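Here are the chains, one letter per residue:
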Amino acid sequence: MTADTTEPEEYAAGPTERRREQRGWYFYDFACSVYSTSVLTVFLGPYLTSVARAAADPEGFVHPLGIPVRAGSLFAYAVSASIVVAVIAMPLVGAAADRTGRKKPLLAATAYLGATATAGMFFLDGDRYLLGAFLLILANASLSVSMVLYNAYLPQISEPDERDAVSSRGWAFGYTSGALVLVLDLVLYSGHDSFGLTEGEAIRICLASAGVWWGAFTLVPLRRLRDRRLPPEGRERAGGGAVGSGWSQLRATLKDMRRHPLTLSFLLAYLVYNDGVQTVISQASLYGSEELGLDQTTLITAVLLVQVLAVAGALGMGRLARSYGAKRTILASLAVWTLILAAAYVLPADAPVFFYSLAAAIGLVLGGSQALSRSLFSHLVPRGKEAEYFSAYEMSDRGLSWLGPLVFGLAYQLTGSYRDAIISLLIFFAVGFVLLARVPVRRAVEAAGNPVPERI
């Protein structure tokens, strides 16, 4: 019985220990965000598309597994496939984490699998589009699964009133590292001739270096974060094999969520609007290069602008949330996202200045909308079920964000126009706004059995 007395410190360590873990926690964002920025947002979309076009038939189609796929749609389809793989793995990992209380070894395994796949992109050349698609699927799925574990630490290392700030600092760390590495990428790419490299070799080095960065800085959270013994209710659920019962645990989690319908309502809203956010992030460079005719240097500097402003945006929206509440601040950001997509649709080709203006607007709302969504959800999670619920959250964040890339890819497949593809994403932000506006978050926090912050 004495073991049960340790349960409160699982969530309420002393200030010094909490700060130490929080600083270590920030560094996983610092490690993995370089993949999201340099690989997924900047380089891989246009580069993999060029590799696919080198392997395409005269009509512009490649044929993976005998299926005709327009070369320009391959990247979007591969992103969508990676999310399906993540959906399969997430409940297994989430159940294993909650049943064993050992998130850290699982975080290490998924992080280094993703980092290794990303480093392997150095070998993506010629017409190896299948290799590129496979590495993208592996790296993106690994990132998504690792984020289940990473996010599940948030309610354990922070008090309720500090979670908006802690979550926002994590995103700020991520955008800082993304900006730093993009500067180095820009130097290498723009000066590749002086380094004795071809353009393709410079891109492949940029891709692979993101994997090395991801692996190297993951060591910091692995040293600072600590595994926690299960609370009594967690031990009661821990009978049987953790991994083998993953899908059973997912069904149990979803069944448990039915007892918290307001938490489920928030997840549904987040699933919809975040699908739009993730698709814009992953397809922005492809849209800029293929539809707007912008060169790689312009795309890199535009995304660098996003990273710099996203740091200020994440911290600034965190301050707004303290005054107006996280829900109102997120709703305002969704209105801005809608205006951004409308502007992107009419953006003229070969006009870098307008593209930079759009990038600045994205930067100001990107980090804050993601950080506040994460911290808001942390208030809606019943104690002792963090990894389970954050597994479901991550499936909304990344694991179920397959519909947006699929819609984007299908729109291009059918119309041959990236403008039609980008405007199709408006529906995600409009519906997500309506669904979130209907969620009474204060009652949702109370229903989850958590203390209600003064502003939420």
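The present account deals with the structure reproduced in this document. Computed from a prediction, not measured in an experiment: that's the story for all the values here.

## Remarks on the overall build of the protein chain
So, step 1. In terms of regular secondary structure, the protein chain is built from 19 helices and two strands.
So, step 2. With 456 residues in all, the protein chain has 59% of them scored as buried.
So, step 3. Excluding contacts between residues fewer than 6 apart, the proportion of contacts in the protein chain whose partners are at least 24 apart in sequence is 85%.
So, step 4. Only carbon and sulfur atoms are counted for the fraction: they give 65% of the accessible area of the protein chain, which is about 17,200 Å².

## Some points on the packing of helix 11 (residues 261–291) against helix 13 (residues 326–346)
So, step 1. Interaxial distance between helix 11 and helix 13 falls to 12 Å at its minimum, and their mutual angle equals 35°. Of the two possible hands of crossing, helix 11 and helix 13 adopt the one that is left-handed. Counting all contacts with helix 11, which are made through Y273, V277, V280 and Y287, the residues of helix 13 involved are I330, L334, W337, L341, A344 and Y345.

## A look at unusual backbone geometry
So, step 1. Phi is positive for L65, close to 55°, though the residue is something other than glycine.
So, step 2. Checked against the element boundaries, L65 lands in the loop between strand 1 (61–62) and strand 2 (69–70).
So, step 3. Of note, D350 is a non-glycine position whose phi angle comes to about 55°, a positive value.
So, step 4. By the element assignment, D350 lies in the loop between helix 13 and helix 14 (352–378).
So, step 5. Accessibility expressed as a relative area gives 59% for D350, which makes it exposed.

## Brief notes about the nonpolar core
So, step 1. By size, the foremost hydrophobic cluster in this structure holds 139 residues, and its most contacted members are W25, L44, L136, W214, F266 and W337.
So, step 2. Leave out the neighbours within four places in its chain, and W337 touches V277, V280, I362, V365, L366, S369 and F429.

## Focus on helix 7 (residues 199–217)
So, step 1. Taking 1.5 Å per residue as the helical rise, helix 7 with its 19 residues ought to reach 27 Å, and the 27 Å between its terminal C-alpha atoms agrees with that figure.
So, step 2. Of the positions making up helix 7, those classed as buried are A202, I203, R204, C206, L207, A208, A210, G211, W213, W214 and G215.
So, step 3. On its buried face, helix 7 is in contact with helix 1 (15–55), helix 3 (103–119), helix 4 (129–152), helix 6 (163–190) and helix 8 (219–224).

## Let's talk about the packing of aromatic side chains
So, step 1. By the definition in use, this model includes 19 aromatic pairs.
So, step 2. Where W25 meets Y26, the ring centres are 6.1 Å apart and the plane angle is 65°; that geometry is what we call edge-to-face. Taken individually, W25 and Y26 each receive the classification buried, so the pair is uniform in this respect.
So, step 3. Judged by centre distance (6.2 Å) and plane angle (10°), the rings of F266 and Y270 are stacked. Placement of both F266 and Y270 in helix 11 is noted, with a separation of four residues, approximately one turn of the helix.

## Quick notes on the side chain of R204
So, step 1. Mapped onto the elements, R204 comes out in helix 7.
So, step 2. Despite its burial, R204 remains without a salt bridge, the nearest opposite charge being carried by D125 at 4.4 Å.
So, step 3. Excluding anything up to four places from it in sequence, R204 contacts Y47, M121, F122, L124 and D125.

## So, the packing of helix 12 (residues 296–324) against helix 13
So, step 1. Across the interface, helix 12 lies against helix 13 with an axial gap of 7 Å and an inter-helix angle of 130°. Judged by the inter-axis angle, helix 12 sits oblique to helix 13. On the side of helix 12, the interface is formed by M317, L320, A321 and Y324, while helix 13 contributes A326, R328, T329 and S333.
So, step 2. Residues belonging to the contact of helix 12 with helix 13 are distributed by class as follows: five nonpolar, two polar and one charged.

## A short note on the pattern of salt bridges
Pairs can form between side chains of opposite charge once their charged atoms are near each other.
So, step 1. Taken as a whole and assessed by the stated rule, the structure comprises nine salt bridges.
So, step 2. Two residues, D29 and R374, come together in a salt bridge whose shortest N-O distance is 3.7 Å. Here D29, found in helix 1, pairs with R374, found in helix 14; they are 345 residues apart in sequence, far enough to count as distant. Comparing D29 with R374 shows no difference in burial state: the two are buried.
So, step 3. The shortest N-O distance in the salt bridge between R128 and D125 comes to 3.4 Å.
So, step 4. Residue classification places D125 among the partly exposed residues on the basis of a relative accessible area of 29%.
So, step 5. Beyond isolated ion pairs, a larger network of salt bridges with shared partners links R18, R19, E159 and E162.

## Some details on the environment of A55
So, step 1. Note that A55 resides in helix 1.
So, step 2. Judged by relative accessible area, A55 falls into the partly exposed class, the value being 29%.
So, step 3. In this structure, the C-alpha to C-alpha distance between A55 and Y129, residues 74 residues apart in sequence, is 7.5 Å.
So, step 4. Contact partners of A55, with chain neighbours within four places excluded, come to V62, D127 and Y129.

## Side note on a nonpolar patch on the surface
So, step 1. Together, V183, V187 and F195 make up a nonpolar patch on the protein surface, roughly 260 Å² of accessible area in all.
So, step 2. Turning to its location among the elements, V183 is positioned in helix 6.

## Concerning helix 18 (residues 426–437)
Helical geometry: 3.6 residues make up each α-helical turn, so side chains three or four residues apart lie on a common side.
So, step 1. Its twelve residues give helix 18 an end-to-end C-alpha distance of 17 Å, which sits within 8% of 16 Å, the value for a rise of 1.5 Å per residue.
So, step 2. Inspection of helix 18 places F428, F429, G432 and L436 among the buried residues, and these make up the whole buried set. Projection of helix 18 onto a plane perpendicular to its axis shows the buried side chains occupying an angular sector of 90°, all on one side.
So, step 3. Of the surrounding secondary structure, the elements contacted by the buried residues of helix 18 are helix 11, helix 13 and helix 16 (403–415).

## A few points about the environment of D275
So, step 1. Considering the arrangement of structural elements, one finds D275 in helix 11.
So, step 2. In this structure the C-alpha to C-alpha distance between D275 and L425, which are 150 residues apart in sequence, comes to 8.7 Å.
So, step 3. Here G404 takes part through its backbone nitrogen, which lies 2.9 Å from a polar atom of the side chain of D275.

Cut-offs and rules
Residues numbered from 1 in each chain as written. Predicted model: local features only at pLDDT ≥ 70, side-chain atom pairs only at ≥ 80, totals over all residues. Heavy atoms only, no water. Helix = DSSP H or I, 4+ residues; strand = E, 2+ residues; numbered from the N terminus. Buried < 20%, exposed > 50% of the residue type's maximum accessible area, 1.4 Å probe, protein only. Contact = heavy atoms within 4.5 Å. Areas by Shrake-Rupley, 256 points an atom, 1.4 Å probe, with all protein chains shown as cover. Axes fitted to C-alpha atoms, helices over the stretch in contact; angles between N-to-C directions. Left-handed = near helix turned anticlockwise from the far one by under 90°. Core = buried A, V, L, I, M, F, W, Y, C linked by side-chain atoms within 4.5 Å. Expected span 1.5 Å × (residues − 1). Phe/Tyr/Trp six-rings, centres within 6.5 Å; stacked < 30°, edge-to-face > 60°. Lys, Arg positive; Asp, Glu negative; His and termini not counted. Salt bridge = Lys/Arg side-chain N within 4 Å of Asp/Glu carboxyl O. Parallel < 35°, antiparallel > 145°, perpendicular 65-115°, else oblique. Nonpolar A, V, L, I, M, F, W, Y, C, P; charged D, E, K, R; others polar. Patch = residues over 30% accessible without salt bridge, like charges linked within 9 Å, V, L, I, M, F, W, Y side chains within 5 Å. Arc of directions from axis to C-beta. Polar contact = N/O pair within 3.5 Å; in protein donor to acceptor, adjacent residues only side chain to side chain.

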